[in-house]
Amino acid sequence: TAHRLAAERHDAAGERNALRSLAFLRSHEGHHVEALALIENVLGLGREASDTRAEAGDLATMANILRALGQLDRALEVLEEARERMSKLGNSVRYGALLNVIGAVHRDLGNFETAVEFFQRTSELHEHPVYASFSLPAIAHVQLQQGKIEEALATYREAVALNRKARYADGTAQTTRSLGDVLAGLGRDAEAVPYLEEAAGLFAQLEERADEAHMRRRLASVHEKLGDWQAARDAWRAVRTLARALEDLPVEAEALEGIARAERQLGSDPAAVIAAYEDALTTAARAGDRSRELAVRNALGIVQWQRGAYADAVRHYEAALRLCREGSDRVHEGLILNSLGATLHRLQRWDEARTALLDGVRITEETGEVQLQAHALGTLGEVCLDSGRLEEAHTHLHASLRLRVTLPDRRGEGWMHERLARTARADGDMTESALHVRQARDIAAEVGDPLLQAAVSRL
């Protein structure tokens, strides 16, 4: 509408501004072809008006759209034309930003040395740390792509130091965030923590809640990897508060699951752990996050199993199974069927357990999940043993043993020998039972499994 009204009034500047805004909107929406056509129109109108400043800006915008379309060579041509126009304007800030984009395109093209040259020229234009906030991390990113890990980290640290010295909060937040993310990505979690914490604190000061939430999530994950569950819980609690303020249900569900996971690892009261998981389950359902709902159902099943509440565990596993089937998630369906079968076994619901585990064996074989298939066969064999199906038990346990030898899974081999010894004994074959006992005993000593050693001693 603005474009039409400007055209009716013969307002050339207003017409170009309207088209510019529309091009930006279309590009933001991912409609880059339409955005390109619009900005080309704007550029043509600007050239007719001999507006060098507008022409330089429109060329830069056009280059960004071409870059999004993957037309990197053409983008570089347009950027060089933009640089020629902008060099006449005396605006070092805009010129520096343009050099940074040229460097980024060269990086995309694999011209790493040239890219670094442009990034360095950007930072040399002015002493203000705003340049370091863009150019030095860009240089570090290239160094990472070249495999120069320590050089890249040194460059990131230089950018952090410059921004701290200048008390430039936004630049410090961005550079500490980048350095923390890279360190965490390299598995150097303990080194990453102070940078991630600093970035989170700065984003809080800047009232950038979404960025702060992202940093708190990153921190929580790093603390979990380090085994610092108290710190992880505190970070997840902060994420939940931010997510509620942002009305971001998926992130709130993630935070609630993280809180529950931390409570469980900290050995909190089972009722508190279950309540935390139930909160996560409710929020995940409200958010329509079926994968998280499935994960939480599975976790609740495990928690209820561990406290001996097998009927409650079955309820969660059955709900999880429905989610798997509705989402055609065959891999997790095999996992849940294993857990469901094992739980039904504890309840001595033999026929239901056998049916679930037979389904589990079939699905894990189809999906190629050999470890899960071995577990399903082993549990199925034990169900058949305890329900008096000795011949079937023998078949399934031997099948599980063969898979565990292939994997290899020595501890699993030992347990299959223990179950086969019990099966042979129940069938009256003491010679075969004694053979399996000896093999189970040797493996138990080899892997140092006290539970297996105790089970063999009972035999």
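As shown above, the structure is provided for reference.
In this text the structure is predicted, and so the values were computed from the model without any measurement.

A. How the structure looks around the overall build of the protein chain. Within the protein chain, the regular secondary structure consists of 24 helices and zero strands. Taken against the 2.2 N^0.38 rule, which gives 23 Å for 459 residues, the C-alpha radius of gyration of the protein chain at 31 Å runs more than 25% over that of a compact globule. Seen through its C-alpha atoms, the protein chain measures out along the principal axes to roughly 100 × 50 × 40 Å. Expressed as a percentage of the 459 residues in the protein chain, the buried residues total 46%. Of all intrachain contacts in the protein chain linking residues separated by at least 6 positions in sequence, the fraction that spans at least 24 positions is 51%.

B. Just the pattern of salt bridges, in detail. For the structure on display, the rule yields 42 salt bridges. With a shortest N-O distance of 2.9 Å, D211 and R177 are connected by a salt bridge. Pair noted here: D211 is in helix 12 (residues 209-226) and R177 is in helix 10 (residues 169-185), with a separation of 34 residues, a long-range link. You can call D211 partly exposed: its relative accessible area is 22%. We classify R177 as buried; its relative accessible area is 17%. Salt-bridge contacts for E366 lead to R362; the nearest nitrogen and oxygen are separated by 3.7 Å. In this pair, E366 and R362 are both assigned in helix 19 (residues 350-367), four residues apart and thus about one turn of the helix distant. Taken together, the shared-partner salt bridges in this structure form one network comprising R325, R330, E333, D359, R362 and E366.

C. Structural view of the environment of R264. Following the sequence through the fold, R264 ends up in helix 14 (residues 249-265). For R264, a relative accessible area of 30% translates into the label partly exposed.

D. Here's a closer look at unusual backbone geometry. L407 connects to P408 through a cis peptide bond whose omega is -5°. One can find P408 in the loop between helix 21 (390-406) and helix 22 (410-426). Unusually for a residue other than glycine, E247 sits at a positive phi of about 55°. When you line up the elements, E247 lands in the loop between helix 13 (229-246) and helix 14. Take E247: its relative accessible area is 73%, and that puts it in the exposed class.

E. A look at the layout of surface pockets. Considered as a void within the structure, the largest pocket measures approximately 800 Å³ in volume. Looking at the largest pocket, it is lined by 25 residues, and the ones nearest its centre are W305, A342, R346, T379 and R419. Where the lining of the largest pocket is concerned, the elements lending two or more residues are helix 16 (290-306), helix 18 (330-346), helix 20 (370-386) and helix 22. Taken together, the residues of the lining of the largest pocket break down into eight nonpolar, eight polar and nine charged.

About the cut-offs
- Residues numbered from 1 in each chain as written.
- Predicted model: local features only at pLDDT ≥ 70, side-chain atom pairs only at ≥ 80, totals over all residues.
- Heavy atoms only, no water.
- Helix = DSSP H or I, 4+ residues; strand = E, 2+ residues; numbered from the N terminus.
- Rg over C-alpha atoms; globule rule 2.2 N^0.38 Å.
- Buried < 20%, exposed > 50% of the residue type's maximum accessible area, 1.4 Å probe, protein only.
- Contact = heavy atoms within 4.5 Å.
- Salt bridge = Lys/Arg side-chain N within 4 Å of Asp/Glu carboxyl O.
- 1 Å grid on protein atoms, 1.4 Å probe; cavity = no way out; pocket = protein on both sides within 12 Å on 5 of 7 lines; lining within 4 Å.
- Points joined across faces, edges and corners; volume = space filled by probe spheres on them.
- Nonpolar A, V, L, I, M, F, W, Y, C, P; charged D, E, K, R; others polar.

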